[in-house]
Amino acid sequence: MSDIGKLVAILFCSSEPISLNALSKNLASDKTKLNETIEQANIKLDIIGLIIIINDKKAQLVTKPEYSNMVEEFYDSAPQSLSQPALETLGVIAYKQPISKEEIDEIRGISSEQSLKNLLNRDLVEKVTKSEQTKYATTLEFLKLMGISSVKELEGYGNENK
Amino acid sequence: MTSFVLDLDNFQGPFDLLLKLLDQEKLEITDISLAKITDDFLDYIAQMDLDIYEMNSFLYVAAKLSLDKSRAVVNIKPSEDDTDIDLALTLKQYQVIKNRAKILYTLSRTPMRARDIKLDLFPAKIKINAPKLFSLYMDTKKANQQKPKTHRIMSKKGYVHLTKDKFNWHVAKLKSFSIDEIMSKPNNKSDAIIFFLTILEMIKSEGIFEKDGIFVAASR
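Residues numbered from 1 in each chain as written. Chains lettered and ligands numbered in written order. Predicted model: local features only at pLDDT ≥ 70, side-chain atom pairs only at ≥ 80, totals over all residues. Heavy atoms only, no water.

Draft legend 1. Region of interest: helix H3 (residues 31–45) of chain A. Residue and element names in this part refer to chain A. With 15 residues, H3 extends 20 Å between its outermost C-alpha atoms, agreeing within 8% with the 21 Å of an ideal straight helix rising 1.5 Å per residue. Those residues of H3 lying buried are Leu34, Thr37, Ile38, Ala41, Asn42 and Leu45. Looking straight down H3, one finds that the buried residues subtend no more than 140 degrees of arc, so they occupy a single side. Opposite the buried face of H3, at more than 90 degrees from it, the exposed residues are Thr32, Glu39 and Ile43. Contacts from the buried residues of H3 go to helix H1 (3–12), helix H2 (20–27), strand S2 (50–54) and strand S3 (58–63). Where H3 begins, the capping side chain belongs to Asp30, and its oxygen is found 3.3 Å from the backbone nitrogen of Thr32. (Helix = DSSP H or I, 4+ residues; strand = E, 2+ residues; numbered from the N terminus. Expected span 1.5 Å × (residues − 1). Buried < 20%, exposed > 50% of the residue type's maximum accessible area, 1.4 Å probe, protein only. Arc of directions from axis to C-beta. Contact = heavy atoms within 4.5 Å. Polar contact = N/O pair within 3.5 Å; in protein donor to acceptor, adjacent residues only side chain to side chain.)

Draft legend 2. View of the interface of chain B and chain A. The interface is formed by 38 residues belonging to chain B together with 53 residues belonging to chain A. Buried area between chain B and chain A, summed over both chains or domains, comes out near 3,900 Å², and the portion from carbon and sulfur atoms is 64%. Applying the counting criterion to the chain B and chain A interface returns 2 salt bridges. Where Glu72 of chain A meets Arg113 of chain B, a salt bridge forms, and the shortest distance between an N and an O atom there is 2.9 Å. Connecting chain B to chain A are 6 residue pairs in polar contact (both at pLDDT 80 or more). The biggest single contributor to the side of chain B that touches chain A is helix H4 (residues 87–107) of chain B, with 9 residues. Residue composition of the side of chain B that touches chain A, grouped by class: 21 nonpolar, 8 polar and 9 charged. (Buried area = accessible area lost by both parts, 1.4 Å probe. Salt bridge = Lys/Arg side-chain N within 4 Å of Asp/Glu carboxyl O. Nonpolar A, V, L, I, M, F, W, Y, C, P; charged D, E, K, R; others polar.)

Draft legend 3. Structural view of the packing of helix H1 (residues 13–24) of chain B against H4 of chain B. Residues and elements named next belong to chain B. Where H1 meets H4, the closest approach of the two axes is 10 Å, and the angle between their N-to-C directions is 90 degrees. Accordingly, the angle class assigned to the pair H1 and H4 is roughly perpendicular. Every residue of H4 that contacts H1 at Phe15, Asp16, Leu18, Leu19 and Leu22 is listed here: Leu87, Thr90, Leu91, Tyr94, Gln95 and Lys98. Considered class by class, the residues forming the contact of H1 with H4 number 7 nonpolar, 2 polar and 2 charged. (Axes fitted to C-alpha atoms, helices over the stretch in contact; angles between N-to-C directions. Parallel < 35°, antiparallel > 145°, perpendicular 65-115°, else oblique.)

Draft legend 4. Just the packing of helix H5 (residues 84–96) of chain A against helix H6 (residues 101–108) of chain A, in detail. All names here are of chain A. Relative to each other, H5 and H6 sit at 120 degrees, their axes nearing to 10 Å. In this view, H5 runs oblique relative to H6, as classed from their interaxial angle. As for the relative orientation of H5 and H6, their crossing is right-handed in sense. When H5 is examined against H6, the residues Pro85, Glu88, Thr89, Val92, Ile93 and Lys96 are found in contact with a partner set consisting of Ile104, Ile107 and Arg108. Classifying every residue of the contact of H5 with H6 by side-chain character gives 5 nonpolar, 1 polar and 3 charged. (Left-handed = near helix turned anticlockwise from the far one by under 90°.)

Draft legend 5. Quick look at the environment of Asp16 of chain B. Residue and element names in this part refer to chain B. Structurally, Asp16 can be placed in helix H1. Judged by its relative accessible area of 0%, Asp16 falls in the buried class. C-alpha of Asp16 to C-alpha of Gln95: the two residues are 79 residues apart in sequence and 8.3 Å apart in space.

Draft legend 6. Seen up close, the pattern of salt bridges. Residue and element names in this part refer to chain A. Across all of its chains, the model carries 12 salt bridges over all chains by this definition. For the salt bridge of Asp3 with Lys33, the shortest nitrogen-to-oxygen distance reads 3.1 Å. Here Asp3, found in helix H1, pairs with Lys33, found in helix H3; they are 30 residues apart in sequence, far enough to count as distant. As a salt-bridge pair, Glu66 and Lys64 come within 3.8 Å of each other at their nearest N and O atoms. You can call Glu66 exposed: its relative accessible area is 55%. For Lys64, a relative accessible area of 14% translates into the label buried.

Purely geometric numbers; function is a separate question.
Set out below in structure tokens:
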């Protein structure tokens, strides 16, 4: 069995993201080797419309964004709305992560408490602790929703000083 | 299967309102433009139904707008130790955020999708060792003693004959026995069931007993 085969088999069978630690352990490879395996797997998966997305903690096998509308029509899935404040808050976090609530509020000019709760409930952002301060960062669910495999793919990402 | 559609209808917060007012007047984001829309901003928020937290945010911006406008009228520059925000700069940054929100909205129209089926791939492993099995049997026996016995499952003789050859092999693994190990191979399932029934039957007939975590044969 190849490492790519093992990796895809594990991810295919799960509807939830799998931790990179668990994958490394099962494939007996370190993080660098695992990332290489994921890259190689994505080359092979490309022709069948699938992609493995990862963040610094987890990985998941998903459909490529170009199949989204077709899949949505096929399953007749009703989209859930995300409010304008939640969207703005998500935008601040995505481009400036990790970032504290106070910093988000300052940029938006208004409290983001409710938006943050909604985004946390939807697993689009998560709390991360940096220097004993609670900050927020985007999740794998965020990448799925945006149809991107990394936040670096966001238009204009990294064009500013934090 | 879930995805999100974003609602961009309503403005949010004082910065959003300022951008709307500037846009309405077709003005760029400058200190002069902000001075021009200060009265509109104050009129607008006077009519709004704000909660205490929102009110705080809107009033801060209203005060800042009024201060900047007053300074502009009498031509006073902010002092060097002025720690107030630069409203025009802050508004430009907020405009960037709004544009990014639009980017996210567009992206979110074509989400990636994962399998929507939850498979129970990682059930809790049941580890059964000799003391646990013995204890379970004794508890069951105690409970059964309080009820009238109506039937026997199978004869002891049947089980013992059926698994005679495999029994020794299984006993060797009893010290740390994992039912998953046997159950993981479909062909072993019937063997495993027979094996357990045999063990229970032998405990019942006092042919074996548990000692120091393993089963040992009773000497007769």
